[in-house]
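Report on the structure
This is what each chain is made of:
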Amino acid sequence: MSIAVALSFFWLFFTNMRQQIIRIVVLFFLGTGIFPTAFAQDYWGQHSIKSPEHFIFGYGSLISSKSRNASVATPIPAIPVRVSSNLGYIRSWNSRSPTEFTALGLRKPNRDEKATSINGVLYPVAGNDMASYDQREEGYVRVGIPLTDIEALSWQGLPKTGKIWVYVPAVAGNEPGVGLPGADSKFPLLQSYIDVVLEGAMEYGDDFVNELISTTKDWDPHWLNDRILPRRPWVAEKQYGKIDNYLKQVPSLQNRQMPEDYAASLAVERLQQKAN
């Protein structure tokens, strides 16, 4: 046997023995439970996902997932919550849009009133989305809500840290929620806006919808039914029947008018104003 052949046999024997030794060592440590601790990590109690720093309480159109997500790049889930009367506000039809309708807002109670609880949704704000919401909520001011003044309405819990904000209408010279005008003929309630709000509330059930309606004040008789094809609402608004059924508890629903009727009433009102 030549030296080269002997060396080859030796190398093969050494390589085989090394693999066997490694296999035996690995099986030993696996069997004793020592080996995994060298590689596996225990992450219990560690926060691998950064918690949001800001949250928004939505009480009007922001309750609607579709409406809320239209303002951000990535859809954001929300949880149903309720704000305590300790915050000192009432949900009201008092936010006049530049496009001439009245939206939901919050206001301070009058002398003969008490603040009420307000149901809505709470959702986190990601990245630069706060700027998008600030732009969307033109005419509103962000007001902080203490964690002690908000409660969850489902199995999902509230955030333990971070700041919670709510948008409150404000007019120049007054604090948020003070001195706000209500709806009138020029700034009516719009059924299309009400549909968005109530469809959002319907995501959380009948009780949630009824609570929203009953804790909203200043429903006004200036109410325009501006739905697409309002005489055939089922074409564009599949939930119109349920929405109208919820609204039966609102006395001023009887004053809701079709566009042509509203236009005629508005013309008569303006003629009367000129005559006076």
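Here, every reference points to the structure presented above.
By convention here, each chain's residues receive numbers from 1 onward along its written sequence. Where totals are concerned, whole chains, interfaces and linings use all residues; where local detail is concerned, this predicted model gives features only for residues with pLDDT of at least 70, and gives and counts side-chain atom pairs only at 80 or more. To obtain the side-chain values, all non-hydrogen atoms of the structure were included, while hydrogens and water were left out.

**Some remarks on the nonpolar core**
Our working rule: Residues belong to a common nonpolar core when they are buried Ala, Val, Leu, Ile, Met, Phe, Trp, Tyr or Cys residues joined through side-chain atoms within 4.5 Å. Any residue under 20% of the maximum accessible area for its type is buried, any over 50% is exposed, and the rest in between are partly exposed; the area is computed with a 1.4 Å probe on protein chains only. A run of DSSP states H or I qualifies as a helix once it reaches four residues; a run of E qualifies as a strand once it reaches two. Both are numbered from the N-terminal end. By definition, residues are in contact when any of their heavy atoms lie within 4.5 Å.
Ranked by size, the top nonpolar core spans 58 residues in total, and within it Phe 57, Trp 219 and Leu 247 carry the most contacts. With six residues, the top contributor of residues to this core is helix α5 (residues 191–202). With residues up to four places along the chain from it excluded, the contact list for Trp 219 reads Trp 93, Leu 189, Ile 194, Ile 213, Leu 247, Val 250 and Ser 252.

**Points about helix α7 (residues 240–247)**
Two residues of an α-helix separated by three or four positions point the same way, owing to the 3.6 residues in each turn. Filter applied, for reference: Throughout, the arc means that of the directions going from the helix axis to the C-beta atoms.
All of the buried residues along α7 are Ile 243, Asp 244, Tyr 246 and Leu 247. Taken down its axis, α7 places every buried residue within 155 degrees of arc, on the same side. Summarising the contacts, the buried residues of α7 are in contact with α5, α6 (206–214) and β11 (223–224).

**Observations regarding the sheet that holds strand β10 (residues 216–217)**
Test applied: Paired strands, as defined in this entry, are two strands with at least two bridges between them according to DSSP.
Strand order in the open sheet formed by three strands is β4-β3-β10, and the pairing between neighbours is mixed. The open sheet has two edge strands, β4 (102–107) and β10, and neither has a second partner. Note: strand β3 (residues 90–96) against β4, six bridges, orientation antiparallel. Bridging across to β4, Trp 93 finds its partner in Leu 104.

**A short note on the side chain of Ser 64**
Position of Ser 64 relative to the elements: it lies in the loop between β1 (54–58) and α3 (65–69). Leaving out residues up to four positions away in the same chain, Ser 64 has contacts with Val 196, Gly 200 and Glu 203.

Treat this as a map of the structure, not an account of what it does.
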